[in-house]
Amino acid sequence: MEKKLHTFFQSGLLDKYILGETSTSESLKVEHYIETYPEVESEYLRLQDNLEVIAKANSIEAPNFVLDNVLNEIEADSNPVIKLETQKRRTPWYSIAASVAALVFSGGYYMKTQQNKELLKENQVVVDEIFDLRSDIENNNKMLDNLMRQFMKLNNPETEKYVFRGNDRAKDLKTVAYINAVEKTSMIDVVSLPQLPENYTYQIWAEMQDRMVNLGILDPAQSELQSIQYIEDALGLAITIEPNGNKNETSDNAVAEITLKSRNN
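### What to know about the sheet that holds strand 2 (residues 174-180)
- Spatially, four strands are ordered 1-2-3-6 in an open sheet, and the strand pairing comes out antiparallel. Only two strands of the sheet have a single neighbouring strand rather than two, namely strand 1 (159-165) and strand 6 (225-228). Across the sheet, the mean angle separating the axes of adjacent strands is 25° when strand polarity is ignored.
- Pairing of strand 3 (residues 185-192) with strand 6 involves four bridges; the strand directions are antiparallel. Note on strand 6: the bridge partner recorded for M187 is S227.

Written as structure tokens, this is what we have:
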């Protein structure tokens, strides 16, 4: 059975199932394994958690523009009125007919011209919106590609997950670090950081054998999964509360700490 499970995990079907890329027969096979083997169910739940973290980090609001309503039809309810001067000589009927025909033609031409102008405006609106939609599609594709890359990083067997929990000074603090010592990548997911006074900030540090290395500021309002500098041979990570501009960490300022696993373990 162990060989069977190993073959199943190596096939990548579970990853494809999580991302909705399996066929009907493949989906049935994956669901059978999830229901039958606790190991597969556990891995399935872990992948779902990772995907949820990435989805939350990359969540965005959908675009809010919609196609404008078509302009109302022009109502033409007035006709040109021509004042005829009294003539002693009677105007021939064909002249009157020609004048009426000219008026009808000119009026129709004017209305047609106005309608064409309105149609051109509407067409331009549609064209502009098509370009906007194309831009949105390209941006969404880029975001999806970025989400896939982050998902693959979290799903990498070499990626270790570390959970920061705050001490008495920051009881509601919860932040998750994802460290991959093979690919030398580090990511931080800010779950919750208690609000601080304006003149203080949360800072993250890498603990070395003889010093602390500043890795930057953590923003309580920043909910995105973000990359931080990977430090080779770091013994641990610490989150501190520091006055603005302070770059010298002290142990008294630490509110959460983790110890990193050695690659030799």
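### What to know about the pattern of salt bridges
- Applying the stated criterion to the full structure yields five salt bridges.
- For K261, the salt bridge identified is with E160, shortest N-O distance 3.3 Å. With a gap of 101 residues between them, K261 in the segment after strand 8 (254-259) and E160 in strand 1 connect regions that are remote in the sequence.
- Here K261 falls in the exposed class, since its relative accessible area comes to 55%.

Calculation rules
Residues numbered from 1 in each chain as written. Predicted model: local features only at pLDDT ≥ 70, side-chain atom pairs only at ≥ 80, totals over all residues. Heavy atoms only, no water. Pairing = 2+ DSSP bridges. Helix = DSSP H or I, 4+ residues; strand = E, 2+ residues; numbered from the N terminus. Axes fitted to C-alpha atoms, helices over the stretch in contact; angles between N-to-C directions. Salt bridge = Lys/Arg side-chain N within 4 Å of Asp/Glu carboxyl O. Buried < 20%, exposed > 50% of the residue type's maximum accessible area, 1.4 Å probe, protein only.

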